[in-house]
Every structure is written in C-alpha cells, then in structure tokens.
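Chain and residue survey
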Amino acid sequence: MSSTVGQVIRCKAAVSWEAGKPLVIEEVEVAPPQNMEVRVKILFTSLCHTDVYFWEAKGQTPLFPRIFGHEAGGIVESIGEGVTDLKPGDKVLPIFTGECKECRHCKSSESNMCDLLRINTDRGAMLEDGKTRFSKNGQPIHHFLGTSTFSEYTVIHVGCLAKINPEAPLDKVCVLSCGISTGLGATLNVAKPTKGSTVAIFGLGAVGLAAAEGARIAGASRIIGVDLNPSRFEEAKKFGLTEFVNPKDHNKPVQEVLVEMTDGGVDRSVECTGNVNAMISAFECVHDGWGVAVLVGVPNKDDAFKTHPINLLNERTLKGTFFGNYKPRSDIPAVVEKYMNKELEVEKFITHKVTFSEINKAFEYMLKGESLRCIISMEN
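Residues numbered from 1 in each chain as written. Predicted model: local features only at pLDDT ≥ 70, side-chain atom pairs only at ≥ 80, totals over all residues. Heavy atoms only, no water.

Here is the rule: UniProt positions are given in the numbering used here, feature names are shortened, and annotations may be inferred rather than shown by experiment.
The chain has the name Alcohol dehydrogenase 1 in an unreviewed UniProt entry, where Penstemon davidsonii is given as its organism. If you open the UniProt record of the chain and go to Sequence similarities (unreviewed entry), you find "Belongs to the zinc-containing alcohol dehydrogenase family." According to the UniProt record, the Subcellular location (unreviewed entry) comment for the chain is "Cytoplasm".

A short note on the sheet that holds strand β1 (residues 9-15)
Note the threshold: If DSSP finds at least two bridges between two strands, the strands pair. Secondary structure elements follow DSSP: runs of H or I no shorter than four residues count as helices, runs of E no shorter than two count as strands, and numbering proceeds from the N terminus. Here, axes are lines fitted to C-alpha atoms. For helices the fit covers the stretch in contact, and angles between N-to-C directions go from 0 to 180 degrees.
Read across the sheet, 4 strands follow the order β1-β2-β6-β7 without closing on themselves; strand pairing throughout is antiparallel. The open sheet has two edge strands with one neighbour each: β1 and β7 (139-141). Each strand of the sheet is rotated relative to its neighbour by a mean of 50°, with strand direction disregarded. Two strands pair when backbone bridges link them, and strand β2 (residues 24-30) and strand β6 (residues 134-136) are joined in this way by 2 bridges, in the antiparallel orientation. Along β6, the bridge assignment pairs E29 with S135.

Considering the pattern of salt bridges
Heads up, the rule is: When a carboxyl oxygen of Asp or Glu lies within 4 Å of a side-chain nitrogen of Lys or Arg, that pair is called a salt bridge. Whether a residue is buried, partly exposed or exposed follows from its accessible area with a 1.4 Å probe, protein chains only, as a fraction of its type maximum: under 20%, in between, or over 50%, in that order.
In total, this model carries 23 salt bridges according to the counting rule given. Put simply, R133 and E37 hold a salt bridge, and the shortest N to O gap is 2.9 Å. Here E37 lies in strand β3 (residues 37-46) and R133 lies in the loop between α2 (104-107) and β6, a separation of 96 residues in the sequence. Looking at R133, the relative accessible area reads 4%, which means it is buried.

Focus on the side chain of S197
Put simply, the rule is: N or O atoms within 3.5 Å of each other form a polar contact, as long as, within protein, one can give a hydrogen and the other can take it, and as long as residues adjacent in sequence are counted only when both atoms are side-chain atoms. Residue contacts follow a heavy-atom distance rule, with two residues in contact if any of their heavy atoms lie within 4.5 Å.
By the secondary structure assignment, S197 is in the loop between α4 (179-191) and β10 (198-202). Separated by 2.6 Å, the side chain of S197 and the backbone oxygen of T194 make a polar contact. Sequence-distant contacts of S197, defined by excluding residues within four places in its chain, comprise G219, A220, S221, R222 and D267.

A few points about the side chain of K327
Formally: Charged residues are defined here as Lys and Arg on the positive side and Asp and Glu on the negative side; His and the ends of the chain fall outside this count.
Within the secondary structure, K327 sits in the loop between β15 (317-320) and α10 (328-340). E99 provides the closest opposite charge to the buried, unpaired K327, separated from it by 5.4 Å. Among residues more than four places away in sequence, those in contact with K327 are E99, H105, C106, S108, S111, N112 and I332.

Examining the sheet that holds strand β12 (residues 243-245)
Taken together, the 6 strands give an open sheet; going across it, the order is β12-β11-β10-β13-β14-β15, and neighbouring strands pair in parallel fashion. Looking at which strands have only one partner, the edges of the open sheet turn out to be β12 and β15. The sheet shows a mean angle of 20° between the axes of neighbouring strands, direction not considered. Relative to strand β13 (residues 268-271), β10 runs parallel, the two sharing 4 bridges. For F202, the partnering residue across the bridge sits in β13 and is E271. Where helix α8 (residues 276-284) meets the sheet, it contacts β10, β13, β14 (292-295) and β15, and its direction lies at approximately 170° from that of β13.

Focus: the pairing of β3
The side chains of a regular strand alternate, first on one face of the sheet and then on the other. Within β3, 8 of the 10 residues are buried, which leaves the element mostly enclosed by the surrounding structure. As judged from the 5 bridges shared by β3 and strand β8 (residues 153-157), these two strands associate in the antiparallel manner. Paired with K41 across the strands is Y153, a residue of β8. Bridge count for β3 against strand β4 (residues 71-79) is 8 bridges, and the pairing is antiparallel. Following the sheet pairing, F44 is matched in β4 by G73.

Remarks on the UniProt feature "domain: Alcohol dehydrogenase-like C-terminal" (unreviewed entry) in the chain
Within this structure's numbering, the places UniProt gives as "domain: Alcohol dehydrogenase-like C-terminal" (unreviewed entry) are residues 206-337. Counting secondary structure, residues 206-337 comes out at 37% helix and 15% strand; the distance between its end C-alpha atoms is 20 Å.

Some points on the packing of aromatic side chains
Applicable threshold: Only Phe, Tyr and Trp rings are paired, with Trp represented by its six-membered ring, and only when their centres lie within 6.5 Å; those with planes under 30 degrees apart are stacked, over 60 edge-to-face, the remainder tilted. Charges are assigned to positions over rings by a cutoff of 6 Å between ring centre and Lys NZ or Arg CZ, combined with an angular limit of 35 degrees from the ring normal.
All chains considered together, the criterion is met by 12 aromatic pairs. Note on F68 and F144: the rings are 4.8 Å apart at their centroids and 70° apart in plane angle, and the pair reads as edge-to-face. Placement of the pair is F68 in the loop between α1 (49-56) and β4 and F144 in the loop between β7 and β8, with a sequence separation of 76 residues. Across the pair, exposure class does not vary: F68 and F144 are buried alike. A ring pair is formed by F323 and Y326, whose centres lie 6.4 Å apart and whose planes are at 70°; its orientation type is edge-to-face. Both residues of the pair, F323 and Y326, count as buried. One residue, K348, lies across the ring of F239, its end atom 5.1 Å from the ring centre.

Dropping the structure here:
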C-alpha cells in the first residue's frame, strides 16, 4: 500500500447525485489524509436505514452529490499528521460518531456524546479545513456522517475509527459499527436487565432485534416483542424472543396488555421505532418501583412525549441512549471480542450479500422490508 501514501487515489465509489435516484458507480479522486485524519481501504460495507433516510431526503437538508455509507470494515491505508494510535494495515470499523478523548463528554464515564465528533448529518466536509476529500473531475463530492463508506477508499477523522482484533472477519463484524451495537448497548449498558427478568422490545427491525439479543445475553427469562408486522415474529425467535404482541390485535392500549401479561408490568423495555406513541407505551408498560424504559428510536422533530407525572413518581425510570452508550474507540473493540468469543452472534443479522456493482439491490431489499442487513463486498 505504501506506493499510494501521500498521493491522490483514484477508485470506485457509489455516488448519489440526487435524492431518491439510484447510486452511480463512478471513478472518484480521494485526497490524502490531513491532520488527525486516516485514509481507509473499505473491504465490506452494509446498508443501514439511516443511509436510505438521507438518500430519500424527505425530512432534512438535501446535500448532493454525496457518498453515503457508515456501517463498514476496512484497513488503514495511510495516516495524516498527528495520528499516533493507528498505523497502515490496522483493521478498523468506521463509526458515525466519534471519541476525541479530550472533551468533557469523552472524559466522563457516563457519556459517549463527544463535543467534537458527535453525529452531524448536515456536515458534508472534513473538520480540519471544511473541505471534502472526494472529487470527480474537480467537482467536490460531499461526505456523509464523517465516514462515506460506499467508496473503495475514504478519509475519516481518527476519532471515528475503532481499531479491532486483526483476526476479526470484516464481512461479519462490519455490522457492529452502527445499528447492532446501538440496540445491544441500549439493553446491556442502559436498561441493564437482571437474570430472569422480563423485557419488552418495541420494534423488531435490526436495532430492536439487537436489543433482544442483549436481553438474551443478559439472561432475561421473557423477551416480549411488540410490532405491527406479525411476519417478523418467526425471525425474532432466533434472537431470544419468547412472546409477540401486535397492538392491532387488541382494543386497548398495548401498555395495558403488557401490564396484564406480566403481573403489573415488565422489568425493562427498549423502544426502537421512533414512534412517539410507542415511546409512551414503552414507558407506561414498565413495573412501578423498579421498571426502566429506554428510548432508542429517533422521533420526528415536532413530536412531544406526554405521560402523567405519577408514572415517574411511582418509581418508573425513563432513559434515552445514543449509540448504545458505547464510546467508539474505547468500547467497540470489546463488542467485537464478544463476537470472537461466541457470546454474540452477528451472522443472523446478515440476510443478504451483494457485490459493490449491485449496491442498488441493497436499497431495494431494505425498501421492500426484506432485509435486516445486506453486506456489500467492495472487491467484486
């Protein structure tokens, strides 16, 4: 790889030229990394719903042309000035949020919300100089979430890269760089169910199933899935779900159904839909005295959460979480080790595989609701 150090690299990238239109495989130029930046050769990437949401550009500021992608695994090609804890050849997972290790959040044992590198969906350039490292025929191409992994090479701030076990298979552990870790951490790090407890999971997409996996690892005795799609239950059994509730099957609020099923309420609930009514249900279904509800899903900007204060006074706890409370550089390597030690199964999240040239198929699978995670192999 040394022949490319300090040089502009020409490589293939899947460029989104306009909202909702198929991505186009283009030859792009990728500039060398600057101060505190790393250039990474991406080997495998996967498609997350967040990529689709911003590609559709239905609710945010559109920023095109853009290279999407933020769940991936790769190898360090070269490092910029100031980078000391990574070297060429290291295996890394790019993370959509970062850890500078110097701000108050990074120094706090209770937070993972870095002041410098917290997720910023509107930023399409690098922090160092406000410029992009991607271009085509001189035209700048915007970055996405500081990662832009739908490119054979990408440039990422060092604080957004988790150095992982060199033996870890990137075609599997790449899915740990976003949604799976979010759901898993929401349960293990925030809800913290005890062995034998009862846990309700609202929303059985990839993040919800990861939350269920966390409950399974923690030793929960009952894991109740709540979803409007009954076809998801069979798949969810693989992740430890023991029961399924479809709110449409009942003529009363689903929280009342869950309270009746569990003799007063569940011990823990994790909400993974982003629907504000599901958030209220997730809070109101936990047992008084010790129940904890954790909100993971991202609501619409105009939503408001409404519940009676007595629900809090009766010693129920409501918590929120961001990326499962994992610090990217400090904690994600240990999540990869859970997989390496066979404590965590990631294969069951991977439902499809395509080559880079077929990347638009991954979008089709997700839009049809057919896939949990589709792995895109960069080397066709």
